[in-house]
Amino acid sequence: MTGRPSREAVARWNDAYAEQTAALFAAMRSASDDVAAVRRLAHAYHAVAFAWRMLSGELAAPLWARHAAAVAAEEFDRRARLEMERADSAQRKGEAT
């Protein structure tokens, strides 16, 4: 029988996903050049990646679950980078006007 991830890791994941969901909906409701909303989303994606990375390090979890968590962490890091680039681009455009 395999173990379960720690409550701390699961709680961090739940908190990160709650913030990511809130940030995503806030960004969807805001203007496309709202730098603060995009940066909030980027930071939320980064927090989710960190939470996935914590889960991937949980030795009690099955190997397949740890691998899936590591892959998810990479994807959320990628999303965080994309959103940060979008925020930087919007900020540069705003400063040019």
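To keep things clear, this report deals only with the structure shown in the data block. (Residues numbered from 1 in each chain as written. Predicted model: local features only at pLDDT ≥ 70, side-chain atom pairs only at ≥ 80, totals over all residues. Heavy atoms only, no water.)

## Some words on the pattern of salt bridges
Here's step 1: Considering all chains together, one arrives at seven salt bridges under this definition.
Here's step 2: Here Arg78 and Glu75 are joined by a salt bridge, their closest N and O atoms 2.6 Å apart. Taken together, the residues Arg78 and Glu75, both in helix H3 (residues 63-96) and three residues apart, mark about one turn of the helix.
Here's step 3: Residue Arg78 is classed as partly exposed on the basis of its relative accessible area of 36%.
Here's step 4: Where salt bridges share partners, they join Glu75, Arg78 and Arg79 into one cluster. (Salt bridge = Lys/Arg side-chain N within 4 Å of Asp/Glu carboxyl O. Helix = DSSP H or I, 4+ residues; strand = E, 2+ residues; numbered from the N terminus. Buried < 20%, exposed > 50% of the residue type's maximum accessible area, 1.4 Å probe, protein only.)

## A short note on the packing of aromatic side chains
Here's step 1: Evaluated as defined, the whole model comprises five aromatic pairs.
Here's step 2: For the ring pair Tyr17 and Phe76, a centre distance of 5.7 Å and an interplane angle of 75° mean the geometry is edge-to-face. Separated by 59 residues along the polypeptide, Tyr17 in helix H1 (residues 7-29) and Phe76 in helix H3 bring together distant segments of the chain.
Here's step 3: Ring centres of Tyr45 and Phe76 lie 5.8 Å apart, and the angle between their planes is 55°; on these two criteria the pair is classed as tilted. Here the residue Tyr45 occupies a position in helix H2 (residues 35-56), and Phe76 occupies one in helix H3, the gap between them amounting to 31 residues. Each member of the pair, Tyr45 as well as Phe76, is classed as buried.
Here's step 4: Among the aromatic residues, those joined into a ring-pair cluster are Trp13, Tyr17, Tyr45, Trp52 and Phe76. (Phe/Tyr/Trp six-rings, centres within 6.5 Å; stacked < 30°, edge-to-face > 60°.)

## Some thoughts on the environment of Gln91
Here's step 1: Looking at the secondary structure, you find Gln91 in helix H3.
Here's step 2: The exposure class assigned to Gln91 is partly exposed, which follows from its relative accessible area of 34%.
Here's step 3: Taking the C-alpha atoms as reference, Gln91 lies 9.5 Å from Ala36; in sequence the two are 55 residues apart.
Here's step 4: Discounting residues that sit within four places of it in the chain, Gln91 has contacts with Val35 and Arg39.
Here's step 5: For Gln91, the side chain forms a polar contact with the side chain of Arg39, separated by 2.6 Å. (Contact = heavy atoms within 4.5 Å. Polar contact = N/O pair within 3.5 Å; in protein donor to acceptor, adjacent residues only side chain to side chain.)

## Some remarks on the packing of H1 against H2
Here's step 1: Taken N-terminus to C-terminus, the directions of H1 and H2 make an angle of 160°; their axes are 8 Å apart at the nearest point. Compared by their axis directions, H1 and H2 come out roughly antiparallel. Pair H1 / H2 crosses with left-handed handedness.
Here's step 2: Here the contact of H1 with H2 is built from residues that sort into 21 nonpolar, one polar and four charged. (Axes fitted to C-alpha atoms, helices over the stretch in contact; angles between N-to-C directions. Parallel < 35°, antiparallel > 145°, perpendicular 65-115°, else oblique. Left-handed = near helix turned anticlockwise from the far one by under 90°. Nonpolar A, V, L, I, M, F, W, Y, C, P; charged D, E, K, R; others polar.)

## Some remarks on the nonpolar core
Here's step 1: Membership of the largest hydrophobic core comes to 18 residues, with the highest contact counts inside it found for Leu41, Tyr45, Val48, Trp52, Leu55 and Phe76.
Here's step 2: Looking at this core, the elements that each hand over two or more residues are H1, H2 and H3.
Here's step 3: In terms of residue count, the dominant contributor to this core is H2 (nine residues).
Here's step 4: In contact with Phe76, other than residues within four places in its own chain, are Tyr17, Tyr45, Val48, Ala49 and Trp52. (Core = buried A, V, L, I, M, F, W, Y, C linked by side-chain atoms within 4.5 Å.)

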